[in-house]
Structures are given as structure tokens and as C-alpha cells.
Amino acid sequence: MTQVDRSSRDAAASSPAGRAASSWRLPEETGVLVALIVMIAVIGFAKPRFLNPINLFTVLGNTTFQGMLALGMVYLLAIREIDLSVGWMFNFSAVVAALLMVAGLDPWLAMLCGVAFGALLGFVNGLLVITLRLPTIIVTLGTFSMFEGLSLVTNNGRPINPPDPTGSYFTLISAKLFGVLPVVAIVFFALAFLLHILLHWTRFGYRVQAVGSNPEAAMLAGIPNSLVRLQTLVLMGAISGLSGSLYVGFRGAIDPQEGSDFVLTVVAAVIIGGTPLSGGFGTVWGAMIGMLIIQVIASGIIFFGIDATWSTFVTGAVIIVAVVLDQLVRYQRQRRANAQRRWDG
Amino acid sequence: MTAPLISVRDLRKRYGGVTALDGLNLDVARGTIHAVVGENGAGKSTLLKILAGVVRPDAGQILLDGRSVAMDSPAAARRRGIGIVYQELSLFPQRSVLANLFVNREPLRGGLVSTRTMREMSEEILDRLGLRVDIGAPVSRLSIGEQQLVELARVLLQEPKLLILDEPNSALNKQETDRLFAVLRQLRGHGVTMIYVSHRLEEVFAISDRVTVARNGKDVMTRDRKGLTIPEVIDAMIGAHPETLFPPPLPPERNGETEELKVLDVSGGELEHIRFAARSGEIVGFAGLEGAGVPRLFNILFGVAKAKSGGAVYPDGGGLPRSTTEAARRGVCLVPGDRKRNGLMLDQSVLFNISQVAVGAMRGGSPLFSKAEARIRALRQIAQLRIKTRSPDALVNHLSGGNQQKVVVGKWLEIAPKVILLDDPTRGVDIGAKRELYDLIRAMSAEGRIVLFSSTELPELIGLCDRILVLYRGRLVGEVAGRDVDNRMLLHLINTGETPNQHAGALS
């Protein structure tokens, strides 16, 4: 009888006031954002030249292409998968877009084709994943090399330089607003906004998090797991295609090896941003900030006159620190929750 | 001469603001099996953890052989001859049976682990437990029941003076339980003292010499089993009368004609030619041992598993669903047996979980996920099912078992399903929450839904179902209508696949 009484009282007591108190929390991304600002402030304090807007916006521009991939990778981690092939989807799509431009297609149309081609590559990944019932990491370990090979066959191992780099596509994509703010950075920001909405405010985003949280339970709740996986991988492919096509417009060329080393940085940015490897949750803004942190380290190190190769080392260290901090926060939160929770027997 | 082997005096323990033990006393006489029963939250688990040296009490004494002792650590408890078989298995699934039996105590020969010695040492005990499995095979290949026996064997190898069993038979079938009980009686004959924690009262009555009932962290009753009745124990456990446990059928709500689910000759997996019909407004029970095929049948009806042959006609006129998504969209739902693994996203909020089906599975409507709607949905189910949670934003992981199960049911109620498959929905749920689930099942049935209900607990089937279908080795062997069910005959049917009157002589 005590049970019943207590439970009915509690159900009644879950009043709006109680909810409001528990539901307002600092956004997940606060931690990494503070870390980014502190980092910029520290470097800027030591080397004030670093804070020059031109420099800061160059840092932002440099993050764009890998950054876009990181935004898509958030979805992969949220669904408890990892796509290793992003770098070569980026490269292959860029090569295809550039070749279409060389063949005389309007660069804007070529860009759209690049996006569609990236989506097609993602679709190939997705089909393999759902028909062979393999983890994405395994399938993309294979398609990583397959896409690399096909891309190299397509470009004959040489850079592709589309003609007429003075066309509207090239001038706009490589332009800087007010002389400082790169257009691609605005695209990056807009994409982050869209992907944030997609993840947290749509049915698709809900399904991604549900499947990532517990695939078995998701299936038994009637969630179409395979479809969601396929859609996620197509999305990742399309984002890679977009990033690759924009890259062609930005640089006016695509090198045969460009993108080959992207994947580790991309995953690192997502993890630094606070998306857990265990799935079920993702933060797009976090990934964007994570990417910026990596770039700030890289350029900050140059400012201090340290050999640029050290930035790779520091990035690695930052990943470890970020994950440890994340664990600590989680542990604290768990302990607090456990203390409040009714002891279960 | 019969000074208690172990006595617990006024044990107290608080976790944060929650009192787990509130002055509990217990005397366990030497060479007896002493049952401790109580709802979840009564303090049983905390008592066990304290005796095992895992948790330290805030106050109170433990007397072993009349001397006050401190159980500082699990190692200390083990040194004093206390062995515990936990309900949750603590085996290493990838390692062999043998390796599991001797974890951290591997016998050495010339500095190397000696498999031969292990084999010799374990032979007798495995034999006694009737555990005939390949001891070189990884534990994960064994059935849950067998794994439980391995766990027991591991503890017995340490030859404990006091053996504590925490719901040891929750995963065992009838034969395995009988074997376990035979072993326990034998151990008692050898002078081993046992504390047996369970909430399956029939089994408690079958095995124990003395029963202590715990409620709200106190011992509210301790009596010899002789002369004690199950209703008395239930009374003490919940402080209420047990008749109220199973609610009477509700008057059906008149809304249109009855609908029917017809299962036609379904075979697949262990199932052979299953054929039955269930109508709206009735609760059809399913009983069967592990391996009899009840979960498989539910999986086929829900589109998780494929039928090899046969089919079904659902109320909407369609056949067997080809996927869970199709099932959900056609108003068929399954509350799975293992809610933590199969029913819930533990690291997500109540709100998120209750939207699983409405947002995740259904089609149509807006492609947007509205958190405001999700909150309304969650609050509706929290109120309707009386889910005890701080807020819809609380993580499901932090809810008690009964409330977690209500979340699983609630997510389905959001789509107003026509056919409801409940696979042992009250497993591991405390009595208070059980009663609420029973009410809920009755209500779902009265609303005109087709309810199929499987359970491992007979009283539940008898108390709740209009008819009980019994599966035995994949075949439908009998149907018993609710009112004239008698426990013994149903048990017989479940365990042998035959109705007792076919072998009237064998029964008596």
C-alpha cells in the first residue's frame, strides 16, 4: 500500500515547477566552447597578432572542408557507427565535379553533381552495410581503398584543374565578405545549423539517436533500423560531396591525395566536441567547435614558432584530455543521479 | 546448542536520502535454509551486499558464531566462510566453464595452471548439480539456467559455511529448479546453512525451514515455514490482502464488434503447426518451459522472426507482418521479455523512450520531431500509468524495474495498438508495480484490444487470463480455460506436454 500511495503522490507532484528546475541546464557544448575561447585568449595574450581578425578568419576558413565532414560524422557516431571512407568520398566527389567542369559543364551544375555523386558513394556504403549486416567501420575500411583506387583511376593520379577559374562559381566560393570572412565559412556555419535542426528537431534525427542508443530496442519498437542507417550514410556521402565540390571552387584544383588523411582529424573533432562513441547522442555544434579547437592548436603552434609537425601530437593529447574530462563530468552526473534515485532493493 | 550461525542486529543503511535498511534483525539457525522475502526495495539486496562485504552498514552488528565481526571487504566475507550466488551472473562469458569455476584460484602445478587438477576438483560438484555440459566450452554457449548452476558450483567449490542465494532460480526451468532444490537439501544435510532470497513464494515454501519477511528495511515477520501460508506471507510483504493482487475482469466497453486474431498452422524454429484464435476483450495466456517456443511465437507474430510455413489473419485483415516496422504501423505491439536490453534506451530520458513508437516507427504527419508533443505524450503516460519519476526528462536508467516496464508499455499505448503481445512483463517487478500492471492489462483488454500474455509465474496466468494455451517443445498441447484451472494440472501440462488424466496413475 505504501508503494501505491507514494507513486501516485509522486506522479501528481511532477509539477511544472519541478520540471522547470530540472530541465534547464547549460547546453552540452558549453565546456568545449569555453575551452576554445580560453585557448584563443591564451595564445592571443602571448602573441597578440593571433587575434588579428584576418588570422582568425583564416583559421575558420581552413577548418571548413574537414569541418563539414565532422558535422556529418556526428550522425555516424550518434548511430554508433564510424565512416572511415569520408576522406575519399570527399576526394572522389571533388575529382568527379572537377572533371565535369573540365568537360564543359557549368560549375554550379557540376557542384550539384558532386553532391549527388557523394550521396551515391554513401548509398553504396549503406547498401553494403544493410545487405551484408556488417558494421559501417568494416564496410568503409574496404570502401576507403575502393574509392581511393577508383578516384586515382579517374584522375590518372594527376591534379585536376578546371578551366576558367574566374567564373562566378570560383570567385564566389573563394571570396571573402568584407575582405575577411570566407564565404565557405558561412556555408559551413549554415550547414551546421541545418544539421543541428535535422538531428534534434526531426523524426530522422530522433531515429538516428534511438538506433544509436539501443539498436535492438529500436528494432523492437518498430523503428526501421536499416533504412535509418542507409539514410545516415547517404547523408554522410552527400556532405562529403558538398565539401569536395566546394573545395574545387575554393582552391581551383583537386590534388590526387587531398583528403586521404582527413578521417582521423574528423573523428577527433567530433569526439572533442562531446559526442560519445557509445552512440545515442550527438552534438553538431560541438563537432564544429572541436574542429576549431584542432585548427587553433595547429595555427597557434606556428605562432609560437614550434615545428608544425608538433600540432599533430598536441591534437592527440587534446583528444585524450577531452575524453577524460567528459568521463569525469559524466561520472559526477551519474553520482548525483544515483544519490537522488530511490534505492532499488 | 542451536545458537544461530549468523545473527544480524538492528542493521541500518541509508543511501543519500533513501533508507534501505531501518533496523533489520535476522537469526539464521545452523543447518537450516532460511528464506528472506520481500518486495523490491524491502532491503533484501542491501542486506546481502552487507553480508557479502560489498557495502558497509551505517549501524548495527553482524554476529558470526556469536562473535561480532566486521565484513570489511568481499575477501573478508569469503574468508569467514560466506559464499554468495548472485542473481545477476558474474561469469566471464567468453571463458570456459572450467576457467570460470576457478577464477583467481586456479590450482597450480609446477607454476602453471593445471587443467587436470581443476577437472578433478570440479567433477564431483558438477555431477551433484547434474550439470552435464562440455566444461571446456565457453560459458556463453550454455543456457541461462546452466550458467546459473555454474555460478552455484563456483561458490560451492569454496565450501562455504553460510551459502547465500539471491533469487537463484529466476532463470531456471522446472527441472533445473527441482535439481537445484535437491542439491540444496543435500547441502543442508551436510550442515551447510543457507539464506535463500526470493520473491517466488511457491519455491520459498518448497525449500525453506524458516521465513523472514522484510518490508521497508525492517523484518516484519519471522516464522517457521510449517504452519505458514502463502497469503499470510503476501500480507506481510505488502501489508495488504492478496485478493486485491489480481483485479477482477472489467466490464467490456461497448464499441463495435469483436475483432479476432487467427493464427493458422504456424511453423518455424521449434514451433510446429500452431493454430489458435484470440478475440478482443479476452486475455489469452501462454505457458511453456524454456525452449517450448513461446518467445518465438511472439516474435513471429510481431515480425521479428519469420514463419517457415503457415500464416495468420490479423484484425486489419492482413497476414503476418514482415518487419517490426510493419507490425507497429498495423497496431501490433510487443512488450519484450528483457526490457533493459530490448525495450528501453536506458541512457535516454523517459520522454525520449515514450516517443519510440509514435515518432520512430509511425509514418505520416510532420517530419519534425516536436519536443512539446513528446512532453505531452510522456506526461500523459506518466499520469495514466502512474510512472514514478522525478520528471519526463529523468533518465530511464534511474527508474525502478516496475516503472521501467510501465515506460515500455506506455510507448505502445501511445499508438493505441490492436494486438498486444506481453512477454513475461512482470519479471523482476515488485509486487506493488505488478498489481498496477495487472490493472493495466485488464484495462487494455476491456478497451477491446487482443491481449496475448506469457508468463513464467503460474498464479499470474491463472489470476489474469481467460484461457491459457500451453506449449510444449514447439507444439500447442493444451488449452485450459481460466475458471477450472487447477495449479497441479497446469504444471503437469507445462512440464510433460500431457494432461494428467491421460496418466492418472502417474500423478498420484
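Position numbers for residues count from 1 along each chain, tracking the sequence in the order it is written. Chain labels run from A onward and ligand labels from 1 onward, assigned in the order the entries are written. For this predicted model, a pLDDT threshold of at least 70 governs which residues receive local features, and a threshold of 80 or more governs which side-chain atom pairs are given and counted, while totals over whole chains, interfaces and linings are taken from all residues.

Asker: Which parts of the structure should I look at to understand the nonpolar core?
Answerer: Residues of type Ala, Val, Leu, Ile, Met, Phe, Trp, Tyr and Cys that are buried and joined through C-beta atoms within 7 Å form what is called a nonpolar core. Think of it as a crowd count around each C-beta: if 20 or more other C-beta atoms lie within 10 Å the residue is buried, if 12 or fewer it is exposed, and in between it is partly exposed, with C-beta placed from the backbone throughout. L71 and M73 of chain A together with L421 of chain B are the most contacted members of the largest nonpolar core, which has 170 residues in total. Residue ranges for the domains trace back to a domain assignment, done automatically or taken from a database. Two domains each put at least three residues into this core: domain 2 (260–331 + 417–507) and domain 3 (344–403) of chain B. When residues no more than four places from it in sequence are discounted, the contact partners of L71 of chain A are L191, A192, L195, I239, V284, A287 and M288 of chain A. In terms of nonpolar packing, the next biggest core, distinct from the first, is built from 64 residues, A35, L48, L126 and L163 of chain B among them. A pair of residues counts as a contact when their C-beta atoms, built from backbone coordinates, are separated by no more than 7 Å.

Asker: I keep staring at the packing of helix α5 (residues 86–102) of chain A against helix α13 (residues 262–272) of chain A and nothing clicks. Help me out?
Answerer: Helix-helix packing is described using two parameters, namely the angle between the two axes and the distance between the axes. Residue and element names in this part refer to chain A. Where α5 meets α13, the axes come as close as 7 Å, and the angle between the chain directions of the two elements is 120°. It follows from the interaxial angle that α5 and α13 lie oblique. Where α5 abuts α13, its residues V86, G87 and F90 lie against F262, V263 and V266. Polar here means any residue other than Ala, Val, Leu, Ile, Met, Phe, Trp, Tyr, Cys and Pro, which are nonpolar, and Asp, Glu, Lys and Arg, which are charged; Gly is therefore polar. Class assignment of the residues belonging to the contact of α5 with α13 gives a composition of five nonpolar, one polar and no charged. Every angle, taken between N-to-C directions, lies between 0 and 180 degrees, and every axis is a line fitted to C-alpha atoms, over only the stretch in contact when it is a helix. Every helix listed is a DSSP run of H or I at least four residues long, and every strand listed is a run of E at least two residues long, numbered separately from the N terminus. Every angle not falling under 35 degrees, over 145, or within 65 to 115 is termed oblique; those three ranges are roughly parallel, roughly antiparallel and roughly perpendicular.

Asker: Is there a simple way to think about the domain arrangement of chain B in this case?
Answerer: Frequently, the measure chosen for interface size is the accessible area that the parts lose on association. Residue and element names in this part refer to chain B. What the domain assignment lists for chain B is domain 1 (4–241), domain 2 (260–331 + 417–507) and domain 3 (344–403). Between domain 1 and domain 2, the C-alpha centre-to-centre distance is 33 Å. Tallying the contact residues gives nine residues for domain 1 and six residues for domain 2. Of the residues belonging to the side of domain 1 that touches domain 2, the class tally is two nonpolar, five polar and two charged.

Asker: Sorry, what's going on with helix α15 (residues 401–413) of chain B here?
Answerer: At 3.6 residues per turn, the α-helix brings residues three or four places apart onto the same side. All names here are of chain B. Multiplying 1.5 Å by the residue count of a helix minus one yields the expected span of that helix. With 13 residues, α15 extends 19 Å between its outermost C-alpha atoms, agreeing within 8% with the 18 Å of an ideal straight helix rising 1.5 Å per residue. Across the 13 residues that make up α15, a large majority, 12, are buried. Among all positions of α15, only G402, N403, Q404, Q405, K406, V407, V408, V409, G410, K411, W412 and L413 are buried. The inward-facing, buried residues of α15 abut β17 (332–335), α11 (339–343), α12 (350–354), α13 (356–360), α14 (371–384) and α16 (431–446).

Asker: Honestly, the sheet that holds strand β21 (residues 475–481) of chain B in this entry has me stumped. Any pointers?
Answerer: Note: strands within a sheet are paired through backbone hydrogen bonds, in either parallel or antiparallel orientation. Residues and elements named next belong to chain B. Spatially, six strands are ordered β17-β18-β19-β15-β20-β21 in an open sheet, and the strand pairing comes out mixed. Only two strands of the sheet have a single neighbouring strand rather than two, namely β17 and β21. Mean inter-strand twist for the sheet, computed between neighbouring axes without regard to direction, equals 20°. A strand pair is defined by DSSP finding two or more bridges across the two strands. Sheet topology places strand β15 (residues 283–287) next to strand β20 (residues 467–472); four bridges connect them, and they run parallel. What sits directly across from V284, in β20, is R467. Packed on one face of the sheet, helix α9 (residues 294–302) meets β15, β17, β18 (419–423), β19 (450–454) and β20 and runs near 150° to β18.

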